[in-house]
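The chain contents come next:
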Amino acid sequence: MDMNKNRVGLGTFPLADVFSHISKDGAKDIVRQFIDKGGYYIDTAPMYGFGEVETLIGEALHTYPRESYYIATKCGYIDVEGKSFQTIQKSGKYDDVIRECERSLKRLNIDYIDLYFMHSPDPQTPIEETMRALIKLQTEGKIREIGTSNVNLFELKEYNQSGKISFIQNRFSLLNRSIEPELEEYMMEHAIKLVPYQVIDRGQLTGKVFEGIENLREGDLRTGRSDWLPEKVDVIADWVKLSLSPIAKRLGITLGQLSIAWALHQKYMGFVIVGNTNPAYTEINLKANDVKLDASTLLEIDNAYKSLETQVREKYGQSIREFRGLNEKYF
Ligand SMILES: NC(=O)c1ccc[n+]([C@@H]2O[C@H](COP(=O)([O-])OP(=O)(O)OC[C@H]3O[C@@H](n4cnc5c(N)ncnc54)[C@H](OP(=O)(O)O)[C@@H]3O)[C@@H](O)[C@H]2O)c1
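Attention in this report is confined to the structure presented alongside it.

Calculation criteria
- Residues numbered from 1 in each chain as written.
- Predicted model: local features only at pLDDT ≥ 70, side-chain atom pairs only at ≥ 80, totals over all residues.
- Axes fitted to C-alpha atoms, helices over the stretch in contact; angles between N-to-C directions.
- Helix = DSSP H or I, 4+ residues; strand = E, 2+ residues; numbered from the N terminus.
- Parallel < 35°, antiparallel > 145°, perpendicular 65-115°, else oblique.
- Contact = placed C-beta atoms within 7 Å.
- Buried ≥ 20, exposed ≤ 12 C-beta atoms within 10 Å, placed from the backbone.
- Pairing = 2+ DSSP bridges.
- Near = placed C-beta within 6 Å.
- Nonpolar A, V, L, I, M, F, W, Y, C, P; charged D, E, K, R; others polar.

Orientation of helix α2 (residues 52–60) relative to helix α3 (residues 94–108), taken along the N-to-C sense of each, is 45°, at an axis distance of 7 Å. Overall, the two elements α2 and α3 adopt an arrangement that is oblique. Here Glu54, Thr55, Ile57 and Gly58 of α2 lie close against α3, whose contacting residues are Ser104, Arg107 and Leu108.

Shown next, in the form of structure tokens:
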């Protein structure tokens, strides 16, 4: 990766029309606008819109020079087209990985993928077999770097022992401190960077958290998620208002920019990926790349997090992650 590029990447899951409504043309506009305004890193997956999001990215960028954008996509689910979240099938088998990579290249209309993630481990297939396929693709120049997503330390070690893992993609934010010290140590030792997802917690670390969940449209995938239940969102919204808003205000930045910038200041960070359906947010999110947080501000954010931890522990007898119902794999 190129650390000199803007490290606020575009997450493209919301372009599958899963959160606020977005049309296919609107989605293509978001992708082009992102690059036009100085963005570079784009994260996608066959699972997003079951092939449709990769296709619309390919259509949006077909006139752009290939070196003007960076594509991270994923393997691990097969025959996605026409499927649903209920019917989609996981596989890390050698032949499936090779075939799905060809399909992604075709949909994206490119001849190499910059970073190829295994979306999440396939318990039915030895990790070594998946890695063999990924290394073959890398040797052939179809993918440049290998990553793995939704992994714990044990799984990461297994992937990395069968080849070179450059990045992991796990859910992580200033509200979801999911990188345990042992994982961090291993990543630092092996030069593995994090590409975190949900760094703004799907709007809970932006002004959106104050809108309340009743404003989510019918069909918004956030509805009913364990971390979007009204009583959970209320606790987070109060904390954001009392603890994070004053910091953002003082620095003259938005809450979202504070959360993105905080992530970018972590030493194991590669680039971050922020989903977006609103053209008005593109520039705001990209500008977070230039926000500098000094040591005392980072400490203030850590202290605010610790006070939320104490408050949740005292009131509910749980950690913040337990309270928000996040499982071992951080979904
Ligand atoms: N590896 C995996 O298993 C995995 C899992 C999930 C996601 N991902 C990747 O990670 C990316 C990021 O995750 P995500 O998109 O799920 O969540 P996210 O980036 O935390 O949140 C995206 C949502 O936040 C809201 N938002 C964005 N910018 C905002 C701003 N400036 N102010 C207010 N609200 C703002 C938008 O909601 P509205 O649409 O309502 O405006 C947007 O759709 C995904 O797009 C995908 O590429 C990977």
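Burial of the side chains of strand β10 (residues 272–275) extends over both faces: Val272 and Val274 are buried on one face and Ile273 and Gly275 on the other. Relative to β10, strand β1 (residues 8–11) runs parallel, the two being bridged by four bridges. Its bridge partner being in β10, Val8 is matched across the sheet by Val272.

Before going further, it helps to spend a moment on unusual backbone geometry. With phi around 55°, Asn150 is a residue other than glycine that occupies positive phi space. When you line up the elements, Asn150 lands in the loop between β7 (143–149) and α5 (153–161). Residue Asn150 is classed as buried on the basis of its C-beta count, with 20 C-beta atoms lying within 10 Å. For Gln198, which is not a glycine, the phi torsion comes out positive at approximately 60°. Structurally, Gln198 can be placed in the loop between β9 (193–194) and α7 (230–251). On the neighbour-count criterion, Gln198 (26 C-beta atoms within 10 Å) is buried.

A separate point is the site of the ligand. With respect to spatial proximity, 31 residues lie near the ligand, and among them Gly11, Phe13, Tyr197, Thr206 and Gly275 are the closest. Within the residue set of the shell around the ligand, elements represented by two or more residues are β10 and α9 (279–287). A breakdown of the residues in the shell around the ligand according to their chemical character gives 10 nonpolar, 17 polar and four charged.

In short, geometric facts, not functional conclusions.
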